[in-house]
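Working through the structure, step by step
One letter stands for each residue in the lines below.
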Amino acid sequence: MRTVLVGTLAGLMAGFLWLAAPVAQAQGRDVVRCGSDNGRFTRCQVPWRDAELIRQESNSPCDRGQSWGVDRGGLWVDRGCRGQFVEMGRGYYPPPGGYPPPPPPPGGGWRPGPDWDREIRFQCESNDKRYQFCQVDVGGRGRARLLRQLSGNPCEEGYSWGWNRAGVWVSKGCRGLFSVDRRW
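What you see is a predicted model; the values in this text were computed from it and never measured. (Residues numbered from 1 in each chain as written. Predicted model: local features only at pLDDT ≥ 70, side-chain atom pairs only at ≥ 80, totals over all residues. Heavy atoms only, no water.)

**Digging into the side chain of Ser160**
Among the secondary structure elements, Ser160 is positioned in the loop between strand E9 (143-149) and strand E10 (161-164). Polar contacts involving the side chain of Ser160 include one to the main-chain amide nitrogen of Glu156, which spans 2.9 Å. Here Ser160 is in contact with Pro154, Cys155, Trp169, Val170, Ser171, Lys172 and Cys174, once residues within four sequence places are set aside. (Helix = DSSP H or I, 4+ residues; strand = E, 2+ residues; numbered from the N terminus. Polar contact = N/O pair within 3.5 Å; in protein donor to acceptor, adjacent residues only side chain to side chain. Contact = heavy atoms within 4.5 Å.)

**Description of the state of the cysteines**
Throughout the structure, instances matching the rule amount to four disulfides. The disulfide partner of Cys34 is Cys44, and the S-S distance across this bridge is 2.0 Å. Measuring handedness by torsion sign, the sulfur bridge of Cys34 and Cys44 sits at about 90 degrees and is right-handed. Of this pair, Cys34 sits in strand E1 (residues 31-35) while Cys44 sits in strand E2 (residues 42-44), and the two are 10 residues apart along the sequence. The pair Cys34 / Cys44 is uniform in exposure class, with both members buried. Linked covalently through their sulfurs, Cys62 and Cys81 form a disulfide whose S-S length is 2.1 Å. (Disulfide = S-S within 2.5 Å. Buried < 20%, exposed > 50% of the residue type's maximum accessible area, 1.4 Å probe, protein only.)

**Here's the deal with the pattern of salt bridges**
Enumeration according to the criterion identifies nine salt bridges in this entry. Put simply, Arg33 and Glu57 hold a salt bridge, and the shortest N to O gap is 3.0 Å. Here the residue Arg33 occupies a position in strand E1, and Glu57 occupies one in the loop between strand E3 (51-56) and strand E4 (68-71), the gap between them amounting to 24 residues. Of the charged contacts, one joins Arg43 and Asp71 as a salt bridge, the two residues approaching to 2.9 Å between their closest N and O atoms. Here the residue Arg43 occupies a position in strand E2, and Asp71 occupies one in strand E4, the gap between them amounting to 28 residues. (Salt bridge = Lys/Arg side-chain N within 4 Å of Asp/Glu carboxyl O.)

**Looking at the nonpolar core**
Among the nonpolar cores identified, the biggest contains 15 residues, and Phe122, Trp161, Val168, Phe178 and Val180 are the most heavily contacted of them. Secondary structure elements with two or more residues in this core: strand E7 (118-125), E10, strand E11 (167-170) and strand E12 (175-182). In terms of residue count, the dominant contributor to this core is E7 (three residues). Not counting residues within four places of it along the chain, the set of residues in contact with Phe178 comprises Ile120, Arg121, Phe122, Cys124, Arg145, Leu146, Leu147, Trp161, Val168 and Val170. Listed in part, the 12 residues of the second largest apolar core include Val46, Cys62, Leu75 and Phe85. (Core = buried A, V, L, I, M, F, W, Y, C linked by side-chain atoms within 4.5 Å.)

**Comments concerning the confidence of the model for the protein chain**
Taken residue by residue, the protein chain gives an average pLDDT of 79. The fraction at 70 or more is 72%. Least confident of the elements in the protein chain is helix H1 (residues 2-25), whose mean pLDDT is 45; most confident is E9, at 95. Contacts of residues 12-25 to residues separated by more than four positions or lying in other chains number five contacts, the stretch itself having pLDDT below 50. In the predicted structure, residues 91-95 sits below a pLDDT of 50 and forms nine contacts with residues beyond four places in sequence or in another chain. (pLDDT = per-residue confidence, 0-100.)

**Notes on the packing of aromatic side chains**
Tallied over the full model, the rule gives eight aromatic pairs. Measuring from ring centre to ring centre gives 6.2 Å for Phe122 and Phe178, while their planes differ by 25 degrees; the resulting arrangement is stacked. Taken as a pair, Phe122 in strand E7 and Phe178 in strand E12 lie far apart in primary sequence, 56 residues in all. Ring centres of Tyr131 and Trp169 lie 6.2 Å apart, and the angle between their planes is 20 degrees; on these two criteria the pair is classed as stacked. Remark: Trp169 occurs in strand E11 and Tyr131 occurs in the loop between E7 and strand E8 (132-135); sequence separation between them is 38 residues. The same class applies to Tyr131 and to Trp169, which are both buried. An aromatic cluster of at least three residues, connected via ring pairs, comprises Phe41, Trp76, Tyr131, Tyr159 and Trp169. Over the ring of Tyr159 we find Lys172; its NZ or CZ atom is 5.3 Å from the centre of that ring. (Phe/Tyr/Trp six-rings, centres within 6.5 Å; stacked < 30°, edge-to-face > 60°. Lys NZ or Arg CZ within 6 Å of the ring centre and 35° of its normal.)

Shown next, in the form of C-alpha cells:
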C-alpha cells in the first residue's frame, strides 16, 4: 500500500513539474492566452513584434504561419489553435512616425547596391482559402500595399493579408496585385 502511495505521489509531482515548465520558460515575460473559437480567425492585441508558443492548449494543431502568427495587426490564431504565447526576444519598437535611419555599421559593413531601394510588384494568391507566403525582402524601412484585389473574397489588411520584413502573406481566398516599396 505504501509503495503504491509513494509511486502515485511521485507521478503527480512529475506531472506538476511538467505543467509548470512553460511558466518557468516565460519568467519575466507576459503570457497571453489566445484561442480560435469554433475554428474561426481571432486576433489578440499584443505590443510585440514577434511571439513564440510556449504551451498549446488545443487538440487542433498550432503551426506557425498556418494556424497562428504575428503580423502588423498583432497575434492571430485560426483553425482551432489555442495556446499561451510570450514575446520572442525584446527589441526596439519604432516611434509612431516610423524607424529612424539606422546607425552606420561599424567598420563599413555590407550595404545593398544602388538599385536595391525600389518598388517591386507581384501577385500573391490564397488558393483554396489556404495561407500563402510570398517572399520578398521588404527591408528595414520598406512597406507593402495592395494595389488591386483579384479575388471575389475580400482582401483586408490584418485579416486576409499582411506583411513583414520578409514578404507578404495572404489567406481566406485573398488574391491580389501587391507593391513592395523596398527600402534599406
